[in-house]
Amino acid sequence: MMWAGIRAGVGFLAAVQIVVGIWALFFPARFFALAVVGMGMAYNEHLMRDYGAMTLASAVVLGAATVHGGRWAVRTALVMYLTWSVPHFLVHWTMLDHLAPATGALLMVALAGAIALPAALLLLSTRKQRTG
């Protein structure tokens, strides 16, 4: 039962990446217009579309791990996601001055969750399952 929950969590991460990736790839100006994305910088359509494509690529890895469900695939997908989400959190942490305090706090909570969930799933995936 625990393994099904881990796979569901990885599937959730994949779904989020699909939504964000489609948004950034196909509607880059709208995505960039979010205060937590643009962060006071100049718009760059190329960068936004590349980010969307990369995000969709990560959804493929997470989705494959969800469907395949093997421990190696799930752990690899979670490490891939954490390799992105930890630096992403740190970058935004240094750029909060462009946001209203409440918006910045909400952003950091969301980005911390994007670390906590896959880290917890990774930790759970290392536990041996009890039988009978």
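Everything numeric here is computed off the predicted structure, so don't read it as measured data. (Residues numbered from 1 in each chain as written. Predicted model: local features only at pLDDT ≥ 70, side-chain atom pairs only at ≥ 80, totals over all residues. Heavy atoms only, no water.)

Novice: So what's going on with the packing of aromatic side chains? Residues and values would help.
Specialist: Inspection of every chain in the model, using the stated rule, returns five aromatic pairs. Ring geometry for tyrosine 81 and tryptophan 84: centres 5.5 Å apart, planes at 65°, overall edge-to-face. Within this pair, tyrosine 81 and its partner tryptophan 84 are both found in helix 5 (residues 71-93), separated by three residues, close to a single helical turn. Note on tyrosine 81: relative accessible area 5%, which makes it buried. Above the ring of tryptophan 3, the side-chain terminus of arginine 71 is found at 4.4 Å from the ring centroid. (Phe/Tyr/Trp six-rings, centres within 6.5 Å; stacked < 30°, edge-to-face > 60°. Helix = DSSP H or I, 4+ residues; strand = E, 2+ residues; numbered from the N terminus. Buried < 20%, exposed > 50% of the residue type's maximum accessible area, 1.4 Å probe, protein only. Lys NZ or Arg CZ within 6 Å of the ring centre and 35° of its normal.)

Novice: I'd like a description of the nonpolar core, backed by residues and values.
Specialist: Residues Val10, Leu13, Leu62, Ala65, Val74, Leu78 and Leu121 are the most contacted members of the largest nonpolar core, which totals 16 residues. Going through the elements one at a time, helix 1 (2-26), helix 4 (45-68), helix 5 and helix 6 (101-125) are the ones with two or more residues in this core. Per-element accounting of this core gives the leading share, six residues, to helix 5. Among residues more than four places away in sequence, those in contact with valine 10 are Leu62, Ala65, Thr66, Val74, Leu78 and Leu121. Ala24, Phe31, Met48 and Tyr51 belong to the second-largest nonpolar core, a separate cluster that totals seven residues. (Core = buried A, V, L, I, M, F, W, Y, C linked by side-chain atoms within 4.5 Å. Contact = heavy atoms within 4.5 Å.)

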